[in-house]
Amino acid sequence: VQLVESGGGLVQPGGSLRLSCATSGFTFSRYGMSWYRQAPGKERELVAAISSLGRSTNYADSVKGRFTISRDNAKNTVHLQMNSLKPEDTAVYYCNVLWRSINYWGQGTQVTVSS
């Protein structure tokens, strides 16, 4: 199983970023996918999750209405569209899948929101 995140960077408050996670090594369309984030000195937290066929999503309260998770099962990719970014969204963002009872993580992509 491989998960490779991309799309992070430095953005001003109020700006937008779109994260992507390219996956391989498992049947992508059969598994729910999640995005987590970890800020310095804080525990890793769930940001958003999407069901295997994309019919169901859920979000942390702190990002509801600003972030949107989506997936492309033809390309084995999951995305996180982040709008109206705030300084408190600064963190390393990780893609996650629970496959055969094991949590797999990507290497993470840094998102920094600062003026």
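For the structure itself, consult the block above.
All of these numbers come straight from a predicted model, not from anything done at the bench.

**Student:** So what's going on with the side chain of T77? Which residues, and what values?
**Tutor:** Within the element layout of this structure, T77 appears in strand β8 (residues 77-82). Separated by 2.8 Å, the side chain of T77 and the backbone oxygen of K75 make a polar contact. For T77, the residues in contact, after removing those within four places along its chain, are S20, C21, A22, F28, S70, R71 and D72.

**Student:** Report on the side chain of R37, specifying residues and quantitative values.
**Tutor:** Here R37 lies in strand β4 (residues 33-38). Accessibility expressed as a relative area gives 6% for R37, which makes it buried. Here D89 takes part through its side chain, which lies 2.9 Å from a polar atom of the side chain of R37.

**Student:** A description of the pattern of salt bridges should follow, citing residues and the corresponding values.
**Tutor:** Evaluation of the coordinates by the stated rule reveals 4 salt bridges. The residue R37 makes a salt bridge to E45 at a minimum N-O spacing of 2.6 Å. Here R37 and D89 are joined by a salt bridge, their closest N and O atoms 2.9 Å apart. Placement of R37 in strand β4 and of D89 in the loop between β8 and β9 (91-99) is noted, with a sequence separation of 52 residues between them. For the residue pair R37 and D89, the accessibility class agrees, reading buried in each case.

**Student:** Could you give me a rundown of the sheet that holds β8, with the residues and numbers involved?
**Tutor:** Sheet architecture is open: 4 strands sit in the order β1-β3-β8-β7, paired in antiparallel fashion. At either margin of the open sheet sits one strand with a lone partner, and together these are β1 (2-6) and β7 (67-72). Each adjacent strand pair in this sheet contributes to an overall mean axis angle of 15 degrees, direction not counted. Bridge count between β1 and strand β3 (residues 17-24): 5 bridges; the pairing is antiparallel. Bridge assignment links E5 to a residue of β3, and that residue is C21.

Calculation criteria
- Once a new chain begins, its residue numbering starts again from 1 and follows that chain's sequence as written.
- Totals for whole chains, interfaces and linings use every residue, but because this is a predicted model, local features are given only for residues with pLDDT of at least 70 and side-chain atom pairs only at 80 or more, for both listing and counting.
- No hydrogens and no water enter the side-chain calculation; it runs on all heavy atoms of the structure.
- Every helix listed is a DSSP run of H or I at least four residues long, and every strand listed is a run of E at least two residues long, numbered separately from the N terminus.
- Under the rule applied, a polar contact is a pair of N or O atoms within 3.5 Å (in protein, one hydrogen donor and one hydrogen acceptor; residues adjacent in sequence only if both atoms are side-chain atoms).
- In this description, contact between two residues means that some pair of their heavy atoms is separated by no more than 4.5 Å.
- Note on exposure labels: buried denotes an accessible area under 20% of the residue type's maximum, exposed denotes more than 50%, and partly exposed covers the range between, all computed with a 1.4 Å probe on protein chains only.
- Put simply, a salt bridge is a Lys or Arg side-chain nitrogen that is within 4 Å of an Asp or Glu carboxyl oxygen.
- When DSSP locates at least two bridges between a pair of strands, those strands are taken to pair.
- Think of each axis as a best-fit line through the C-alpha atoms, taken over the contacting stretch in the case of a helix, with angles from 0 to 180 degrees between the N-to-C directions.

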